[in-house]
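# Chains, contacts and geometry: an overview
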Amino acid sequence: MTPWIPAFLLAYTMCVWHAKGEFFTSIGQMTDLIYAEKDLVQSLKAYIQEEESKLLKIKSWAEKMESLTIKSTSDPEGYLAHPVNAYKLVKRLNTEWLELENLVLQDSAKGFITNLTIQRQFFPTEEDETGAAKALMRLQDTYKLDPETISKGEFPGTKYRSFLTVDDCFGMGKTAYNDGDYYHTVLWMQQALKQHDSGEEATVSKVEILDYLSYAVFQLGDILRAMELTRRLVSLDPSHERAGSNMRYFEMLLKREKEHQVLNETSVTTETTPQDGIYERPQDYLPEREIYEALCRGEGVKMTPRRQKRLFCRYHNGNRNPNLIIAPFKEEDEWDSPHIVRYYDVLSDEEIEKIKELAKPKLARATVRDPKTGVLTVASYRVSKSSWLEEEDDPVVAKVNSRMEHITGLTAKTAELLQVANYGMGGQYEPHFDFSRRPFDSTLKTEGNRLATFLNYVSTSLSLSVYLKFAVYSLFIER
C-alpha cells in the first residue's frame with residue numbers, strides 16, 4: 001500500500017487500461033479540483049461584492065426617502081404647495097421607484113450560478129466521496145490510527161492540518177454502514193457522538209448518530225451495549241418508532257440467550273464481551289493483510305548485522321556498456337535475498353515533469369483482469385489511475401526507454417509501453433503476482449511472460465517494490 005504522499009508510477013506493462021475517471025483514485029487529477037474551487041470562490045466573492053454594492057444603493061435610497069417622507073407627511077398640503085415638490089413626487093412614483101424596482105430585481109447571482117453550473121459537471125460524484133472515505137479508513141487500518149487522531153488531522157508526515165467535524169465523522173460512519181462495514185461504522189459514529197457530546201455544533205443530531213451506532217454495535221454482537229445506546233436514544237426521542245421496536249427485539253434476544261445459558265449451564269463459553277466499545281477488526285479476504293500492512297508501517301523483517309555487511313554501494317556501468325562507462329549510475333544493494341538494488345538519479349526533474357505533463361490528460365482508472373472471465377475491470381484492491389506513453393509522444397519517452405535498456409541489459413523491443421500511474425487517496429495495489437498465471441492469456445505463447453521490473457521512486461515516502469515482468473521496465477515517479 002502506498003504511504004501518505006501519493007505517487008506517479010511509470011511502468012511498461014502488458015495491458016491497456018480502460019476505465020471511467022474518478023477523482024479519488026488520482027491525486028494528479030484531484031489537484032485540478034483545487035483550482036476549480038479557487039475559481040468558484042473568486043466568482044462567489046464577485047457576486048457578494050455586487051450584492052453589497054446593490055444593497056448599498058438600496059440603503060442609500062431608503063434613507064433618502066425616509067428623510068423626505070418624514071418632512072412631507074408632517075405637512076402634506078404645505079409640502080405640495082411648492083410646485084417643485086409636487087412635480088418630484090409624481091416623477092419619483094412614476095420613474096424613480098420603477099428604477100429602484102429594477103435594481104432590486106436585478107439578478108446579481110446570474111454570473112456565479114452560470115460559473116457554478118459549468119464547473120459542476122466536473123465535480124466529484126457520490127462514488128468519489130465514498131472512495132475518499134474508504135481511503136481514509138484504509139489509512140486508518142494500515143497505520144493503526146484511531147478516529148480521534150484522524151479527526152484532529154494528526155497524520156504523520158503531512159505538511160498541513162485539517163479537522164473533521166461531527167458531520168464529517170457521521171458521513172464517514174454512514175459510508176461504512178452503507179457498505180455493510182459495521183466495524184468502521186461503530187468507530188466513526190462513536191467519534192461523531194464524542195465530539196457532539198463535547199458541545200461541538202453540528203447539523204446531524206445525537207438521535208441520528210445513536211440510531212446508526214446502536215444498530216452497528218448490535219451487528220457486531222454486543223447486544224448489551226446496543227440496548228444501552230438505544231435507551232439513550234429513546235430518552236432523547238421517546239417517539240422514535242424504530243428505537244422502540246429495536247429495544248423490544250434486543251430484549252427478546254437477550255432473554256433467549258439467558259434461557260439458552262440455563263439449558264447449557266454445564267457448557268463452558270469462550271466468547272468475550274467487548275469492553276468500552278472496543279471491537280476487533282474482522283478478518284478479510286487477504287491472508288497476508290497483517291504482514292502487508294506491517295511492511296507499510298516499516299515493521300517488516302529486519303536485516304541482521306551479518307546480512308547488512310553483505311550490502312554494498314557501487315557504480316553500475318551495465319557490464320561496460322559504452323553509454324555508461326563515462327557516466328555510470330550509482331547502485332546500492334537494498335536486500336540480499338531476493339537481490340534488490342536501487343539506482344540513484346536515473347531521471348532528471350525536467351524529465352519527470354515532462355512525463356507527468358504528457359500522462360496527465362490520458363489518466364484513466366487502473367484495472368485488473370477478472371480471474372473468472374479474463375475481462376479487464378476496476379477493483380477496490382487497486383486504487384490508482386494509469387496512462388500509457390509511446391516514443392512518438394515525445395523524445396523524452398525514447399530517452400527513458402534507452403536508459404532502462406542500458407541499465408538492465410534488456411531490450412525495449414519486447415517491453416510494453418511506458419505506463420504512468422498516479423495514486424490517489426490511500427492509493428494502493430495489494431500484494432499480487434505481476435506475471436500472468438492465467439490460461440486465458442493467449443499472448444503468452446507468442447509474446448512470452450513478464451520477466452523483470454525496474455522501479456524508480458522519486459520520493460523517500462514510498463517503499464521500494466520489485467515485480468517480475470518480461471523485459472518490462474517500470475518506474476515510480478512521485479509528485
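Residues numbered from 1 in each chain as written. Predicted model: local features only at pLDDT ≥ 70, side-chain atom pairs only at ≥ 80, totals over all residues. Heavy atoms only, no water.

## Let's talk about the confidence of the model for the protein
Stated precisely, the cut-off is as follows: The quantity known as pLDDT measures the predictor's confidence residue by residue, on a range of 0 to 100. We call two residues in contact when some of their heavy atoms are within 4.5 Å.
Scored by pLDDT, the protein comes out at a mean of 80, with 83% of its residues at no less than 70. Here residues 267-272 is a poorly scored stretch, pLDDT under 50, and it has zero contacts once near neighbours within four places are set aside; other chains count.

## Some words on the packing of aromatic side chains
Note the threshold: Centres within 6.5 Å are what make two rings of Phe, Tyr or Trp a pair, Trp counting through its six-membered ring; a difference in plane orientation under 30 degrees is then read as stacked, over 60 as edge-to-face, and the rest as tilted. By definition, any uninterrupted DSSP run of H or I lasting at least four residues is a helix, any uninterrupted run of E lasting at least two residues is a strand, and each is numbered from the N terminus. Here's how the labels work: a residue is buried when its accessible area is under 20% of the maximum for its type, exposed when over 50%, partly exposed in between, all with a 1.4 Å probe on protein chains only.
Overall, the coordinates contain eleven aromatic pairs when judged by the stated rule. Considering the side-chain rings of Phe218 and Phe250, the 5.0 Å spacing of their centres and the 40 degrees angle between planes classify their relative orientation as tilted. You can see Phe218 sitting in helix H9 (residues 206-219) and its partner Phe250 sitting in helix H11 (residues 241-263), a full 32 residues away along the chain. For Phe218, a relative accessible area of 16% corresponds to the buried category. Ring-pair connections join several aromatic residues into one group, and the members of that group are Phe170, Tyr177, Tyr182, Tyr212, Tyr215, Phe218, Tyr249 and Phe250.

## Considering helix H3 (residues 83-105)
Given 3.6 residues per turn, any residue in an α-helix points the same way as the ones three and four places further on. We apply this condition: Helix span, as expected, comes to 1.5 Å for every residue beyond the first. Bend, in this description, refers to the angle at a residue between axes fitted to the seven residues ending there and the seven starting there.
In this model H3 runs 32 Å from its N-terminal to its C-terminal C-alpha over 23 residues, within 8% of the 33 Å that 1.5 Å per residue would give. The largest bend in H3 amounts to roughly 45 degrees and is located at Arg92. Along H3, the positions that sit buried rather than exposed are Asn85, Arg92, Glu96, Leu100 and Leu103.

## Description of helix H5 (residues 126-142)
What counts is decided by this rule: Side-chain atoms alone can form a polar contact between residues adjacent in sequence; in general such a contact is a pair of N or O atoms within 3.5 Å, and within protein one must be able to donate a hydrogen while the other accepts it.
Given a rise of 1.5 Å per residue, 17 residues ought to cover 24 Å, and the 24 Å separating the end C-alpha atoms of H5 matches this to within 8%. For H5, the buried fraction is high: twelve of the 17 residues fall into the buried class. Of all the positions in H5, only Asp128, Gly131, Ala132, Ala133, Ala135, Leu136, Met137, Arg138, Leu139, Gln140, Asp141 and Thr142 are classed as buried. Its buried side turned inward, H5 meets helix H6 (147-151), helix H7 (166-178), helix H8 (182-197), helix H12 (289-296), strand S8 (382-383) and strand S11 (428-429). Its side-chain oxygen 3.3 Å from the backbone nitrogen of Glu127, Thr125 forms the N-cap of H5. With its phi angle positive at about 50 degrees, Lys144 sits one or two positions after the end of H5.

## Digging into the packing of H9 against helix H10 (residues 223-236)
As a reminder, the rule being used: As a rule, the C-alpha atoms of each element are fitted with a line to give its axis, helices using only the stretch in contact, and angles between N-to-C directions run from 0 to 180 degrees. To sort the angles, those under 35 degrees are grouped as roughly parallel, those over 145 as roughly antiparallel, those from 65 to 115 as roughly perpendicular, and the leftovers as oblique. Helix crossings fall into two classes, left-handed where the near helix is turned counterclockwise from the far one by less than a right angle and right-handed where it is turned clockwise.
It is the contact of H9 with H10, at a shortest axis distance of 8 Å, that shows an interaxial angle of 165 degrees. It follows that H9 is roughly antiparallel to H10 by the angle criterion. Crossing geometry of H9 relative to H10 is assigned as left-handed. Packed against H9, whose contacting residues are Lys206, Val207, Leu210, Asp211, Leu213, Ser214, Val217 and Phe218, the element H10 presents Ile223, Arg225, Ala226, Leu229, Thr230, Arg232, Leu233 and Leu236 at the interface.

## So, the pairing of strand S9 (residues 385-389)
Condition: Paired strands are those between which DSSP finds at least two bridges.
A large share of S9 lies buried, amounting to five of its five residues. Residues Lys385, Ser387 and Leu389 of S9 are buried on one face, and the alternating residues Ser386 and Trp388, pointing to the opposite face, are buried as well. As judged from the two bridges shared by strand S5 (residues 364-365) and S9, these two strands associate in the antiparallel manner. Across the sheet, Ala364 pairs through a bridge with Ser386, a residue of S9.

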